[in-house]
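Each chain, written out:
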Amino acid sequence: MKKQMLMIALAFAMSTHAVTAQPEKVASTQMKPVAAQTQAALWASRVLARYHYKAMPLDDAMSEKIFDNYFESLDSEKLYFTQADLDRFAPMRTKFDDAINNEDLTVPFQIYNLYQQRFSDRMAYARNLLKTKFDFTVDETLQLDREKAPWAKNEDEVRDLWRKRVKNDWLRLKLAGKDEKAIRETLDKRYAGYIARLQKLNNEDVFQMFMNAYATAIEPHTNYLGPRSADNFDIAMRLSLEGIGAVLQTRDDYTVIREIVPGSPADKSGKLKVGDRVVGVAQGNGPFTDVLGWRIDDVVQLIRGEKGSTVRLDVIPGDGGVDAKHVTVSMVRKKISMEEQAAKKSIIEVKDNGVTRRIGVISLPTFYQDFEARRKGDKDFKSATRDVERILGELKKDRVDNVLIDLRNNGGGSLIEAVELTGLFIDKGPVVQQRTAEGRVEVESDTKAGLAWDGPMGVLINRGSASASEIFAAAIQDYGRGLVIGEPSFGKGTVQTLLDLDRFSQSEKVRYGELKMTIAQFFRINGGTTQLRGVTPDIKLPVLSDADNFGESSFSNALPWVAIKPATYVPLGNLKELVDPLQKRHEARIAKDKDFIDLREDIAEVMRIRKENAISLNETVRRKERDAQDARAKAREARLAGGKDTNGDEPAAAPGGKEARSKVPTPTKPVKTVVVSRNSPQQDDGLQADERALSAELAAEKAAKDAKDVLLQEAAHILADEAGMLKTDTRMASRVMPYMGAAKP
């Protein structure tokens, strides 16, 4: 069975950017490559140059792309390096191909070591600035997004950039009511924390950054996964791991328990609570390893282990001080299911003119599958399709009138799951076409007869819906099987496979990692592709994303849009007759819906910030902006205090809380999406997440999950309108959904 992945490569791109945005502590020794890494780079280059869908030779031209990509990945906001630093390594622009072929990665690691030094310099300068006084009466601005800005010409220019950044950090805290002493302490600790986190990076992290600079220079969704990243990717796909069932987080130098999975060993022990600090880990009856100050994934690696084995934790209770009495907790590891990422259901009741329609919602965060368990013949292997099929059976018993598949922010997953999930809503037939680099077209079809759900249905998408999500939504749309609602999707029309580089290793102890490599392009059964353009919804909701910065079209080296011949298929229905009246009802409803008025205000505010790409560092100006935001917040609170729901429905909880919170902060760079809820915009407190109390952070997350999801509610209204139209006009029902029969709705 092929492991064909259709995942957005953003997670890996963001992991490199995180080094600049949330750095840790400068290493005391210079980073150097090891033999396994130079060998892995050579084998990866041979595979990429020969088997990639967009195969490109590793030559001088590719070297230049890698060079630029590597500097960008290390310093995407251009805050650390200067142009002089790039000029220093300019002779290597065309030499990275030689470096890989000769198994000599000295220069890429030298570049990283310079990055560490520059990072240390900037943080030292920032901390020294805290000893000075800022003049907040000066009319100057801070550029928010510097990704497209030129590199600083010299040290004076980059220092001025940092002066403005520190000044903005100070002003945010000042506007939030912090006094000078508290501001200085908070920021000094923050900048020291940045350095502390950078120090925890190792040569595997550096190698992965360099190899991803190479991989993504070919095409956006090709990535290198180091051994640990490869393990985590597999865990994410199968939604299970072997451990104790505790979600951990780093706070200061401590590993803190953030969440405990119900029914897990951590839960059943009765001795662990949220907020407890893990300071030591022991295997079985062995000695404790002190993990104070460790990076979180190293601690996790120690705690995870084979099912049935014993692990002991040395814990400082969260409700005591750092000198509180330690507690030893012994647990037997077991298989832990990551249910948070599994399919979930809810039912939204929509009342209209005395009639109540019940809309079943299935939220699917990813197209997951436990490949290994399926390969071994495990009849209970984890699968998105199997979970959705079970939920559809439950919704039948719940007698829902319509079903909505919520794929917002679902970045993809297994191609097999996309095909089989589509098969739950059609009888038999093609679902997606694949074209290989050689031009061979293969059709992936649903071969299982019968429908798990033969009633009306819809798919809710946004810009974060990608790959496998787009395959499913496009197939449902092409078959005329259901309404697609939302905003245009991501636009990723490529297929990836995982290739284990360990097969080239001469030793079982030496791991080379994996390549997630693009091997094909997929096409809709109508011959079109989602590449670049995404899936266009039938019913459009407000656009919350920035297409210039988020989505396939934002990548300069994305594959072009092309079309091929349609597959042979027979549409099940034709919903075009429904679209226009449903769109009109939707527009009439949201025109008087206060939640949507709030949404448009939030979108307009974020778009203004994004367009200006600058924020004032004048205190008077900022206070006026803050007062205006306070006024909007109070107006919303006054309206909500009346307890009236503008569309006349009972409030319903939104599953997943994906877009369930409204916040227009004073950002350090423009946000790429906007979210909305009944809650008023929350005031910027100037703090980062780990600077707030854990209890406050968890409470805010719970509030976001519990808040009304305006877009989900409106999607449910649209499907309720559809169900009503089909119920009252049986002739139209027979025209648009002939497979259902007039009595089905």
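Worth saying up front: this structure is predicted, and the values here are computed from it rather than measured.

(A) View of the overall build of the protein chain. A count of helices and strands for the protein chain gives 22 helices and 23 strands. Buried positions account for 54% of the 745 residues belonging to the protein chain. Here the analysis covers contacts within the protein chain between residues at least 6 apart in sequence; of these, 78% occur between residues at least 24 apart. Summed over all atoms, the accessible surface of the protein chain reaches about 31600 Å², with 51% contributed by carbon and sulfur.

(B) Highlighting the sheet that holds strand β19 (residues 483-486). Reading across from one edge, β12-β13-β14-β18-β19-β22 is the order of the 6 strands in this open sheet, with mixed pairing throughout. Every interior strand has two partners, whereas the edge strands, β12 (344-352) and β22 (539-540), have only one.

(C) Molecular detail of the nonpolar core. One finds Tyr70, Phe81, Ile111, Tyr112 and Tyr214 to be the most contacted residues of the largest nonpolar core, which totals 70 residues. Considering every element that reaches this core, the biggest residue donor is helix α6 (residues 106-129), with 11 residues. With sequence-adjacent residues up to four places away left out, Ile111 is seen in contact with Tyr70, Phe71, Leu74, Phe81, Phe89 and Phe96. The next biggest cluster of nonpolar side chains, apart from the first, holds 45 residues, and it includes Leu395, Val419, Ala452 and Met457.

(D) Spatial organisation of the packing of aromatic side chains. Under the counting rule described, the total for this entry stands at 22 aromatic pairs. For the pair Tyr80 and Phe119, a centre-to-centre distance of 4.9 Å together with 25 degrees between the ring planes defines the contact as stacked. Taken together, the positions of Tyr80 in the loop between α3 (60-74) and α4 (83-89) and Phe119 in helix α6 put the pair 39 residues apart, joining distant regions of the chain. Here Phe119 falls in the buried class, since its relative accessible area comes to 0%. Centroid distance Phe207 to Tyr224: 5.2 Å. Interplanar angle 75 degrees. Geometry classified as edge-to-face. Taken together, the residues Phe207 in helix α9 (residues 203-218) and Tyr224 in strand β3 (residues 223-225) connect sequence positions 17 residues apart.

(E) Expanded view of the side chain of Thr422. With respect to the helices and strands, the residue Thr422 is situated in helix α15 (residues 415-423). Judged by its relative accessible area of 0%, Thr422 falls in the buried class. Those residues in contact with Thr422, other than ones at most four positions away along the chain, are Val431, Phe472 and Ala475.

(F) Looking closely at the environment of Glu340. Note that Glu340 resides in the loop between β11 (334-337) and β12. Along the sequence, Glu340 and Val261 sit 79 residues apart, while their C-alpha atoms lie 9.8 Å from each other. Among all residues touching Glu340, those that are not within four sequence positions of it are Pro365 and Lys705.

(G) View of the pattern of salt bridges. For the coordinates displayed, the defined rule picks out 61 salt bridges. When the shortest N-O distance is used, the salt bridge between Arg511 and Asp231 registers 3.2 Å. Linking Arg511 in the loop between β20 (494-500) and β21 (514-523) with Asp231 in helix α10 (residues 227-238), this pair joins segments that are 280 residues apart in sequence. A relative accessible area of 37% places Arg511 in the partly exposed class. You can call Asp231 partly exposed: its relative accessible area is 30%. With a closest N to O distance of 3.7 Å, Glu340 and Lys705 form a salt bridge. Of this pair, Glu340 sits in the loop between β11 and β12 while Lys705 is found in helix α20 (residues 694-706), placing the two residues 365 residues apart along the sequence. Given a relative accessible area of 47%, Glu340 falls into the partly exposed group. Taking relative accessible area as the criterion, Lys705 reaches 40% and is therefore assigned partly exposed.

(H) Spatial organisation of the environment of Ile476. Tracing the chain through its elements places Ile476 in helix α16 (residues 468-478). Take Ile476: its relative accessible area is 0%, and that puts it in the buried class. Residues Ile476 and Phe425, 51 residues apart in the sequence, show an inter-C-alpha distance of 8.0 Å. Other than its neighbours up to four places away in sequence, Ile476 contacts Phe425, Met457, Val459, Arg481 and Gly482.

Conventions used here
- Residues numbered from 1 in each chain as written.
- Predicted model: local features only at pLDDT ≥ 70, side-chain atom pairs only at ≥ 80, totals over all residues.
- Heavy atoms only, no water.
- Helix = DSSP H or I, 4+ residues; strand = E, 2+ residues; numbered from the N terminus.
- Buried < 20%, exposed > 50% of the residue type's maximum accessible area, 1.4 Å probe, protein only.
- Contact = heavy atoms within 4.5 Å.
- Areas by Shrake-Rupley, 256 points an atom, 1.4 Å probe, with all protein chains shown as cover.
- Pairing = 2+ DSSP bridges.
- Core = buried A, V, L, I, M, F, W, Y, C linked by side-chain atoms within 4.5 Å.
- Phe/Tyr/Trp six-rings, centres within 6.5 Å; stacked < 30°, edge-to-face > 60°.
- Salt bridge = Lys/Arg side-chain N within 4 Å of Asp/Glu carboxyl O.

By themselves, these figures tell us nothing about what the structure is for.
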